[in-house]
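Observations on the model geometry
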Amino acid sequence: MPSNDKELNCHLFDQLSILERIEAVTKDEAALKQIALERKQIERKLYQQQPPLVKE
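Here's a quick rundown of the structure. (Residues numbered from 1 in each chain as written. Predicted model: local features only at pLDDT ≥ 70, side-chain atom pairs only at ≥ 80, totals over all residues. Heavy atoms only, no water.)

1. What to know about the packing of helix α1 (residues 5–25) against helix α2 (residues 29–48)
Going by this rule: All axes are obtained by fitting lines to C-alpha atoms, using only the stretch in contact for helices, and the reported angles, taken between N-to-C directions, cover 0 to 180 degrees. Numbering of helices and strands runs from the N terminus; a helix is a DSSP stretch of H or I covering at least four residues, while a strand is a stretch of E covering at least two. Roughly parallel here means an angle under 35 degrees, roughly antiparallel means over 145, roughly perpendicular means 65 to 115, and every remaining angle is called oblique. Handedness of each helix crossing follows the sense of rotation of the near helix against the far helix: counterclockwise by less than a right angle gives left-handed, clockwise gives right-handed. Only heavy atoms matter for contacts: two residues are in contact if any of them lie within 4.5 Å across the pair. Each residue gets one of three labels, nonpolar for Ala, Val, Leu, Ile, Met, Phe, Trp, Tyr, Cys and Pro, charged for Asp, Glu, Lys and Arg, and polar for the others, Gly among them.
Two numbers describe how α1 lies on α2: the axes approach to 10 Å, and their chain directions differ by 165°. Viewed along their axes, α1 and α2 adopt a mutual orientation that is roughly antiparallel. α1 and α2 meet at a crossing whose hand is left-handed. Contacts between α1 and α2 involve Asn9, Leu12, Phe13, Gln15, Leu16, Leu19, Glu20, Ile22 and Glu23 from the former and Leu32, Ile35, Glu38, Arg39, Ile42, Glu43, Lys45 and Leu46 from the latter. Residue classes in the contact of α1 with α2 are distributed as nine nonpolar, two polar and six charged.

Now the structure itself:
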């Protein structure tokens, strides 16, 4: 389990990169639909994070 937001973001970007590489070499429509679904779920996790609160 990632210990901080930066580490989690790295994992999510790695997952997106893997999907892009698979997408580039497949023509299977069912696989492409699944890749699109997985991409949406990863992006939702990536962009739902809130920036850390900074005390002033």
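2. Points about the side chain of Arg39
The residue Arg39 is located in helix α2 in this model. The residues touching Arg39, leaving out its near neighbours within four places in the chain, are Leu16, Leu19, Glu20 and Glu23.

3. With respect to the pattern of salt bridges
To keep things clear, this is the line we draw: Whenever a carboxyl oxygen of Asp or Glu lies within 4 Å of a side-chain nitrogen of Lys or Arg, that contact is scored as a salt bridge. Exposure categories follow from relative accessible area, calculated using a 1.4 Å probe and restricted to protein chains: below 20% of the type maximum is buried, above 50% is exposed, and the middle band is partly exposed.
For the structure on display, the rule yields two salt bridges. Between Arg39 and Glu20 there is a salt bridge, with the nearest N and O atoms lying 4.0 Å from each other. Linking Arg39 in helix α2 with Glu20 in helix α1, this pair joins segments that are 19 residues apart in sequence. Accessibility expressed as a relative area gives 44% for Glu20, which makes it partly exposed. The partner of Glu23 in a salt bridge is Arg39, with the nearest N and O atoms 2.6 Å apart. Here the residue Glu23 occupies a position in helix α1, and Arg39 occupies one in helix α2, the gap between them amounting to 16 residues. One salt-bridge network, held together by shared partners, links Glu20, Glu23 and Arg39.

Shape descriptors only; they carry no functional weight alone.
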